[in-house]
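# Structure assessment
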Amino acid sequence: MAADWVTISALATAGGTLVLATATFASVRSANRAARAAERSLLAGLRPVLSTSRMDDGSQKVLFADPHWLVVEGGRGAAEATDEAIFLAMSVRNVGSGMAVLHGWHFMSESVLGTTGEALTHALSEAARTTHAPLDQFRRQSRDIYIPPNDLGFWQGALRDPDEAEFASAREAIEARRAVTLDLLYGDLEGGQRAVTRFTLVPSQQGHWLASASRHWNIDRDNPR
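Every value quoted in this text rests on a predicted model; they were computed, and no experiment measured them.

Check the secondary structure of the chain and you find 3 helices and 12 strands. Taking all 225 residues of the chain together, 36% fall into the buried category. Carbon and sulfur atoms make up 56% of the accessible area of the chain, which amounts to about 12600 Å² in all.

This part is about the pattern of salt bridges. Considering all chains together, one arrives at 12 salt bridges under this definition. Linking Arg93 and Asp57 is a salt bridge whose minimum nitrogen-to-oxygen distance equals 2.8 Å. Residue Arg93 is located in strand 5 (residues 86–94), and its partner Asp57 is located in the loop between strand 1 (50–52) and strand 2 (60–64); the two are separated by 36 residues in the primary sequence. With respect to burial, Arg93 and Asp57 carry one shared label: buried. With its nearest N and O atoms 2.8 Å apart, the salt bridge here joins Glu172 to Arg178. Looking at Glu172, the relative accessible area reads 40%, which means it is partly exposed. Assessed through its relative accessible area of 24%, Arg178 is described here as partly exposed. Residues joined by salt bridges that share partners form a network here, namely Arg54, Asp56, Asp57 and Arg93.

With the rule as written, the count across this model stands at 2 aromatic pairs. Considering the side-chain rings of Phe64 and Phe87, the 5.0 Å spacing of their centres and the 65° angle between planes classify their relative orientation as edge-to-face. Residue Phe64 is located in strand 2, and its partner Phe87 is located in strand 5; the two are separated by 23 residues in the primary sequence. Aromatic pair Trp105 and Trp155: ring centres 5.4 Å apart, planes at 70°, arrangement edge-to-face. With Trp105 in strand 6 (residues 100–108) and Trp155 in strand 9 (residues 151–159), this pair connects stretches of sequence that are 50 residues apart. Assigned by exposure class, Trp105 and Trp155 land together as buried.

Grouped together as the largest cluster of nonpolar side chains are 36 residues, with contacts concentrated most on Leu88, Met90, Trp105 and Trp155. In terms of residue count, the dominant contributor to this core is strand 5 (6 residues). Every residue in contact with Leu88, bar those within four places of it in the chain, is listed here: Phe64, Leu70, Ala78, Ala79, Trp105, Phe107, Trp155, Gln156, Gly157 and Ile174. Among the nonpolar cores identified, the runner-up in size contains 5 residues, and Ala133, Phe138, Leu185 and Trp217 belong to it.

Cut-off values and rules
- Residues numbered from 1 in each chain as written.
- Predicted model: local features only at pLDDT ≥ 70, side-chain atom pairs only at ≥ 80, totals over all residues.
- Heavy atoms only, no water.
- Helix = DSSP H or I, 4+ residues; strand = E, 2+ residues; numbered from the N terminus.
- Buried < 20%, exposed > 50% of the residue type's maximum accessible area, 1.4 Å probe, protein only.
- Areas by Shrake-Rupley, 256 points an atom, 1.4 Å probe, with all protein chains shown as cover.
- Salt bridge = Lys/Arg side-chain N within 4 Å of Asp/Glu carboxyl O.
- Phe/Tyr/Trp six-rings, centres within 6.5 Å; stacked < 30°, edge-to-face > 60°.
- Core = buried A, V, L, I, M, F, W, Y, C linked by side-chain atoms within 4.5 Å.
- Contact = heavy atoms within 4.5 Å.

Read these as spatial facts, not as claims about activity.
Shown next as structure tokens:
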């Protein structure tokens, strides 16, 4: 029986095309994996992570527009209440590998650590204890604050409307020397990789406000837990 060379040629061409397509698919998939790994590596190099500063870190002077000055020492915050304004500041450290740019903050006039048996001024929902406030409820920073990677910096904020309910609750908490909570929103130098870190300021018997970080949330990617 004579060989059907036309059919054989077509089958050989199809087989070669299939092999080439398989090799191309594998090559593209490998290139995509390499690109994703390179992107993750690049983002990790830009990623900031805020935490409390060390107790032996130096003190910093923080200037408000009034002008009003606060001094924050390592591992601590500062809080002052007047009839016209509530002044808040905190020493922080960027333990990440990228520049941190502070975007905004959300204040709560109680400790929101969410641990059993904690004394709270009023009952809080489980969501308030385990998640941050909606981003549209964060107060925008009135000036750009940059914190270099692996370095010391500070956060500052002020409440200036005495008719605001939060003003009254903040003043009462500060004057009563009760623990308060701050959620800080920040991102990298390119405006991405936004995150929220929750801090608590706890009054000490020595008159200081001791700072502690309790939770981190990622906004633009999966959470770390």
